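The residues making up each chain are set out below.
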Amino acid sequence: MNEATPGVEAPAAGSERWFLLLLGLVYMMNFVDRTIISVAGEAIRRDLGLTDLQLGLLGGLAFSLFYAALGIPLARLAERRSRVGIIASVTAIWSVMTALSGAAGSFVQLLLCRMGVGVGEAGFTPALVSMISDRFPEERRASAFSTIAVWVSIGGAVSATLGGWVVQNFGWRAAFVVMGIPGIVLAVLLKLTIPEPLRRNAGDAATTPSFGAVLRRVGQSPAFLYLTAASGLVGMVSFGLNLFMIPLLVRRYGLDIAQAGLIFAVSLSLAMVIGNYSGGRAADWLGRRDVGWFGRAPAMLLMVSLPLYLLAIMQDDWRWFLVLMFFAAGSLNAFLPAIMTVTQRLVEPRMRASAAALHAFGQTVAGLGIGSVALGWLSDRLAAQAYAGDYRAACVKGVTDPACTVAAAQGLQHAMMAAGAVLIGAIVCYLRAARALRREIPSGPAMN
């Protein structure tokens, strides 16, 4: 995975549109393979006799620990080596591990496969953000990343609708195989058609700052720390929705998995498409006038999102749930891609992939790892309290008693409502980040 030769003219396939499209498709499969566990989760829970805590481990902690552990080393590699080669390699790895998940016969085997998915995805986002910073001028980075990130939401819709249909008609094992194969093809296309971007304002690999220097730099940036903390807190709610929305729809409203997947696609995935796309463009427009808007705007949207989110979870009619959650999810996720790009302006060019990995570390460990596990644990505890008897003995294996479904729905509903409280902390962090950004990023022409 050596660097591309400087000065080589990019071929037609390496045009800006192809770059955005192909990386968007890779990002889509990244999210499909990450979230198919949530689509198939209720079927897996019933088949293998799992608890919500175990679902949280499969969909959150197993993925996030390995993602976090390897994300920083792979980001350091991306400071020196071909980022295209890294992304192509990890895309192939996570796709293979997703397909292998369909062969798992126990919780432990499935857990190991999900760890493998985390290993594969660890190298993707930092290398991608670094490439965008080198390929696009500063004033267009939020828009470029948001354009690619829109495919994440499309991936959520594909995972929920196609994946839900496959689960409903062919079983959860087939869904993992079907969703794993396309990423292998994309990995080959990426390696063959995307040239490595030249690094802006950077010397050779020997000049790459040490990881200690990166830690000192971001540790001295209150803006970076506040933005990372806020993204982690938002991630606790957003990732919790991704993992547990379909189980909630199945348990609370009596829908089948295919129906729940369709509602997921509209109320969450479509909302995120609109939110990410408009949020990135709004961030570029507002940021050119005052960089503090990168903190103030997401804080304002969270003030809108929190009450809508709570109202949606409380609804007894799935139609009202869909409408309220659509607006809640759109405002909740609108500025997350833009936040990732503005952190790149707080560090030197050769620190960008490492800074992106540190930001992703905070978001993934807090949001996906801690948040999903805590939500699953709380759901089990509240379900046990709602059930008149030994919930684990009566309900975890088989789930035939209607009272078990009622208790499981109530426990998950109340747990998801409680999780929404962390958005208050995110609002505070974003507002403090707004003030810090104005101090740390000078106004005037872009410097890198």
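Residues numbered from 1 in each chain as written. Predicted model: local features only at pLDDT ≥ 70, side-chain atom pairs only at ≥ 80, totals over all residues. Heavy atoms only, no water.

Just to check I follow, could you spell out the overall build of the chain for this structure?
The secondary structure content of the chain amounts to 18 helices and zero strands. Whereas a compact globule of 448 residues would reach a radius of gyration of roughly 22 Å, the chain reaches 21 Å, a difference of no more than 12%. Structurally, the chain occupies a C-alpha span of about 65 × 45 × 35 Å along its principal axes. Burial statistics for the chain: of 448 residues in total, 59% are counted as buried. Taking the intrachain contacts of the chain between residues at least 6 apart in sequence as the baseline, contacts between residues at least 24 apart amount to 86%. Surface accessibility of the chain: about 16,500 Å² in total, with carbon and sulfur atoms responsible for 66%. Separation of charge centres in the chain, based on 35 positive and 24 negative side chains, amounts to 5 Å. (Helix = DSSP H or I, 4+ residues; strand = E, 2+ residues; numbered from the N terminus. Rg over C-alpha atoms; globule rule 2.2 N^0.38 Å. Buried < 20%, exposed > 50% of the residue type's maximum accessible area, 1.4 Å probe, protein only. Contact = heavy atoms within 4.5 Å. Areas by Shrake-Rupley, 256 points an atom, 1.4 Å probe, with all protein chains shown as cover. Lys, Arg positive; Asp, Glu negative; His and termini not counted. Charge placed at Lys NZ, Arg CZ, Asp CG, Glu CD.)

I tried to follow helix H18 (residues 422-440) on my own but got confused; where do I start?
For the α-helix, the turn length of 3.6 residues means that residues three or four positions removed from each other point alike. For H18, which comprises 19 residues, the first-to-last C-alpha distance of 27 Å matches the rise-based estimate of 27 Å (1.5 Å per residue) to within 8%. The set of residues buried in H18 consists of Leu423, Ala426, Ile427, Cys429, Tyr430, Ala433, Ala434, Ala436 and Leu437. (Expected span 1.5 Å × (residues − 1).)

What's the story with the packing of aromatic side chains in this structure? I'm lost.
The geometry of an aromatic ring pair comes down to the distance between the two centres and the angle between the two planes. Inspection of the entire model under this criterion finds seven aromatic pairs. Judged by centre distance (6.1 Å) and plane angle (70°), the rings of Tyr387 and Tyr391 are edge-to-face. For the pair shown, Tyr387 and Tyr391 are each scored as buried. Of note, Arg296 hangs over the ring of Trp293, and the distance from its end group to the ring centre comes to 4.5 Å. (Phe/Tyr/Trp six-rings, centres within 6.5 Å; stacked < 30°, edge-to-face > 60°. Lys NZ or Arg CZ within 6 Å of the ring centre and 35° of its normal.)

What exactly am I supposed to notice about the side chain of Asp52 here?
Relative to the helices and strands, Asp52 is located in helix H3 (residues 52-78). Within polar-contact distance, the side chain of Asp52 engages the side chain of Ser379 at 2.6 Å. (Polar contact = N/O pair within 3.5 Å; in protein donor to acceptor, adjacent residues only side chain to side chain.)

What's the story with the state of the cysteines in this structure? I'm lost.
What makes a disulfide is a covalent bond joining the sulfur atoms belonging to two cysteines. Enumeration according to the criterion identifies one disulfide in this entry. In this model, Cys395 is linked to Cys404 through a disulfide, with the two sulfur atoms separated by 2.0 Å. Disulfide Cys395-Cys404: the torsion about the S-S bond is -75°, which places it as left-handed. One exposure class covers both Cys395 and Cys404, and it is buried. (Disulfide = S-S within 2.5 Å.)

Can you walk me through the environment of Ala230 in this structure?
Residue placement: Ala230 occurs in helix H10 (residues 222-253). Given a relative accessible area of 0%, Ala230 falls into the buried group. Considering only alpha carbons, one finds Ala230 and Glu42, 188 residues apart in sequence, at a separation of 30 Å. Non-local contacts of Ala230, meaning those with residues more than four positions away in its chain, are made with Ala426, Cys429 and Tyr430.

Hey, could you run me through the pattern of salt bridges in this one?
Pairing is possible between side chains of opposite charge, provided their charged atoms come close. Inspection of every chain in the model, using the stated rule, returns ten salt bridges. Between Arg83 and Glu196 there is a salt bridge, with the nearest N and O atoms lying 2.6 Å from each other. One end of the pair, Arg83, is in helix H4 (residues 83-101); the other, Glu196, is in the loop between helix H8 (172-193) and helix H9 (211-219), with 113 residues separating them in the sequence. Taking the relative accessible area as the measure of exposure, Arg83 reaches 0% and is therefore buried. We note a salt bridge from Arg296 to Asp290, for which the minimum N-O separation is 2.7 Å. Under the relative-accessibility criterion, Arg296 is labelled partly exposed at 23%. Counted as one network, the salt bridges with shared partners bring together Glu42, Arg45, Arg46, Asp52 and Arg251. (Salt bridge = Lys/Arg side-chain N within 4 Å of Asp/Glu carboxyl O.)

For this particular structure, what's the right way to read empty space enclosed by the protein?
Vacant regions in the atomic arrangement are exposed by a probe of water-molecule size rolled over the atoms. Tallied over the full model, the rule gives five cavities of 30 Å³ or more. Approximately 390 Å³ is the volume found for the largest cavity. What lines the largest cavity is a set of 24 residues, among which Tyr27, Arg34, Phe239, Leu336 and Gln363 lie closest to the centre. Considered as a void within the structure, the second largest cavity measures approximately 80 Å³ in volume. Taken together, Phe31, Arg34, Thr35, Ile37, Ser38, Gly59, Phe239, Asn242, Leu243 and Leu368 make up the lining of the second largest cavity. (1 Å grid on protein atoms, 1.4 Å probe; cavity = no way out; pocket = protein on both sides within 12 Å on 5 of 7 lines; lining within 4 Å. Points joined across faces, edges and corners; volume = space filled by probe spheres on them.)

Any chance you could explain the confidence of the model for the chain here in plain terms?
The share of residues in the chain with pLDDT of 70 or more is 91%, and the mean pLDDT across the chain is 82. In the model, residues 1-14 has pLDDT below 50 throughout and makes 24 contacts with residues more than four positions away in sequence or in other chains. Note that pLDDT drops below 50 for residues 444-448; the model gives that stretch nine contacts with residues more than four away or on any other chain. (pLDDT = per-residue confidence, 0-100.)

When you look at the packing of H10 against helix H17 (residues 402-419) in this model, what are you seeing that I'm missing?
The description of two packed helices rests on the angle between their axes and on the distance between the axes. Contact pair H10 / H17: the axes reach a minimum separation of 10 Å and the direction vectors enclose 155°. In terms of orientation, H10 lies roughly antiparallel with respect to H17. When the axes of H10 and H17 are compared, the crossing they make is left-handed. Where H10 approaches H17, its residues Val237, Gly240, Leu241, Phe244, Pro247, Leu248, Arg251 and Arg252 are matched on the opposing element by Thr405, Ala408, Ala409, Leu412, Gln413, Met416 and Ala419. For the contact of H10 with H17, the per-class residue count stands at ten nonpolar, three polar and two charged. (Axes fitted to C-alpha atoms, helices over the stretch in contact; angles between N-to-C directions. Parallel < 35°, antiparallel > 145°, perpendicular 65-115°, else oblique. Left-handed = near helix turned anticlockwise from the far one by under 90°. Nonpolar A, V, L, I, M, F, W, Y, C, P; charged D, E, K, R; others polar.)

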